[in-house]
Amino acid sequence: MIDRRTFGLALGSGVAGLALAGCSRPAGGAARWRLGFSQVTTTEPWRVLFSREMRETAAAHPDLQLTIADGQDRTEKQVADVEAFVRQRVDLILVSPKESAGLTGAVEAATAAGIPVIVLDRGVDTEAYRQFIGSDNLKIGRMAGDYAVGLLGGKGKAQGRIVEIWGGMASTPAQERHKGFAAAADAEPGLVRVMDRQDADWKQDRAYNIMASALKAHPKIDLVYAHNDPMAYGAYLAAMDAGRQGEIRFIGIDGIPTEGAKWVKDGALTATFVYEPPGAEAIEQALRILKGEAVPKRIELGTQVIDATTVDAFLAKHA
Ligand code: FRU
């Protein structure tokens, strides 16, 4: 009798992938491939949308069975979730890490165990994964910086005091969003970043508190750049409570219809930049990998600015 595994391997890696998957198919017509997704947290609206799009896309493929583990916004929990997927021998692991360094070992171990890993939105400090899918945060930061320069007087002439509120400093999006913004803002001698190493870990309430202190310390603030919309909105609420929202512009990132885009429409934020949730694309790419197809190491999702000039069209399109 021919050993299917040896037979598959002899025909090349693509066929081997199929043959191996065939071997692992459970009895009774159950899904052919099991996917484990380690999501950093399931409470923030951007995350909820991300997981929902992933679930809906997976549900349309009867070959797939998707399990989502909630990392509860804690690195240790998320590492344990990835390790559990490895022990369960799922066919592919997806992970959107809380922090880059903290999740690096778990990603390397999954890859070493022969399980393909797709890293989503936030990066890790290793190349030992099959694919990364996410937006170019350096570019988004740069766009936000250029936008801020435009708001505050234009290239070479910009004047103003800026508060920057960071997402988690140990994550790649926060680092890149900072770097891109700084490249644009620091080229302007008239721009001063009065608070620029404040970590609110992506949270609205923490951003509120940071902004409340900033407002006490600085009688003049012209612009707040926050690494996501919930933090920009938290800062806006703090300014409102201090009666100073009218003199400050607020810029965020994410641009989901129910938050950032709505806050632009309401006039709370001046602008936000779309950060596309990678859930649907991740499932399409996972399928390609499981079928043995070659995939690019990195897939970049797009972005766009949402401000008063584009918000209506954006909301109409995403109604
Ligand atoms: C949600 C979130 C988004 C942000 C992304 C960065 O958890 O904080 O608001 O754009 O993560 O990874």
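Read on for a plain summary of the structure. (Residues numbered from 1 in each chain as written. Predicted model: local features only at pLDDT ≥ 70, side-chain atom pairs only at ≥ 80, totals over all residues. Heavy atoms only, no water.)

Our focus in this paragraph is helix H8 (residues 204-217). Taking 1.5 Å per residue as the helical rise, H8 with its 14 residues ought to reach 20 Å, and the 20 Å between its terminal C-alpha atoms agrees with that figure. Within H8, the full set of buried residues consists of Ala207, Ile210, Met211, Ala214 and Leu215. All buried residues of H8 lie within an arc of 140° about the axis, which places them on one face of the element. Counted as exposed and oriented over 90 degrees from the buried face of H8: Asp205 and Lys216. Close packing links the buried residues of H8 with strand E6 (160-166), strand E7 (191-199), strand E8 (223-226), helix H9 (229-241) and strand E9 (249-254). (Helix = DSSP H or I, 4+ residues; strand = E, 2+ residues; numbered from the N terminus. Expected span 1.5 Å × (residues − 1). Buried < 20%, exposed > 50% of the residue type's maximum accessible area, 1.4 Å probe, protein only. Arc of directions from axis to C-beta. Contact = heavy atoms within 4.5 Å.)

All right, on to unusual backbone geometry then. Excluding glycine, residues mostly carry a negative phi; peptide bonds, for their part, are mostly trans. Backbone geometry places Gln72, a non-glycine residue, at a positive phi of 50°. Tracing the backbone through its elements, the reader meets Gln72 in the loop between strand E2 (64-70) and helix H4 (75-87). Given a relative accessible area of 43%, Gln72 falls into the partly exposed group. Of note in this structure, Asp73 is not a glycine but carries a positive phi near 60°. Within the fold, Asp73 resides in the loop between E2 and H4.

Taken together, Glu44, Trp46, Arg47, Asp121, Arg122, Pro173, Arg177, Trp202, Asn228, Asp254 and Tyr275 make up all the residues around the ligand. Contact distances for the ligand include 2.3 Å between an oxygen atom and a side-chain N or O atom of Glu44. The separation between an oxygen atom of the ligand and a polar side-chain atom of Asn228 is 2.9 Å. Most atoms of the ligand, that is more than half of them, are within 2 Å of grid points of the largest cavity. (Near = heavy atom within 4 Å. Polar contact = N/O pair within 3.5 Å; in protein donor to acceptor, adjacent residues only side chain to side chain. 1 Å grid on protein atoms, 1.4 Å probe; cavity = no way out; pocket = protein on both sides within 12 Å on 5 of 7 lines; lining within 4 Å. Sits in = over half its atoms within 2 Å of the grid points.)

This paragraph deals with the sheet that holds strand E5 (residues 131-135). Read from one edge to the other, the open sheet built from six strands follows the order E2-E1-E3-E4-E5-E11, with strand pairing classed as parallel. Each edge of the open sheet is held by one strand with a lone partner, namely E2 and strand E11 (298-301). Going across the sheet, the axis of each strand differs from the next one's by a mean of 15°, ignoring polarity. Pairing analysis gives three bridges linking strand E3 (residues 92-96) to strand E4 (residues 117-120), with the strands arranged parallel. Bridge pairing in E4 places Ile93 opposite Val117. (Pairing = 2+ DSSP bridges. Axes fitted to C-alpha atoms, helices over the stretch in contact; angles between N-to-C directions.)

As a further point, take the sheet that holds strand E10 (residues 271-274). The mixed open sheet is built from six strands, whose spatial order is E7-E6-E8-E9-E10-E12. The sheet terminates laterally at E7 and strand E12 (305-307), the two strands that pair on one side only. The mean inter-strand angle of the sheet, taken between neighbouring strand axes irrespective of direction, is 20°. As defined by bridge partners, E8 adjoins E9 across three bridges and the pair is classed as parallel. Residue pairing in the sheet places Tyr225 in a bridge with Ile251 of E9. Lying on the sheet, H9 is in contact with E6, E8, E9 and E10; it crosses E9 at an angle near 155°.

Here the second largest pocket is characterised by a volume of approximately 390 Å³. Together, 20 residues line the second largest pocket, and Leu49, Glu53, Pro257, Pro277 and His318 are the ones closest to its centre. Of all the secondary-structure elements, those providing two or more residues to the lining of the second largest pocket are helix H3 (45-59) and helix H12 (311-317). The element contributing the most residues to the lining of the second largest pocket is H3, with five residues. Classifying every residue of the lining of the second largest pocket by side-chain character gives nine nonpolar, six polar and five charged. (Points joined across faces, edges and corners; volume = space filled by probe spheres on them. Nonpolar A, V, L, I, M, F, W, Y, C, P; charged D, E, K, R; others polar.)

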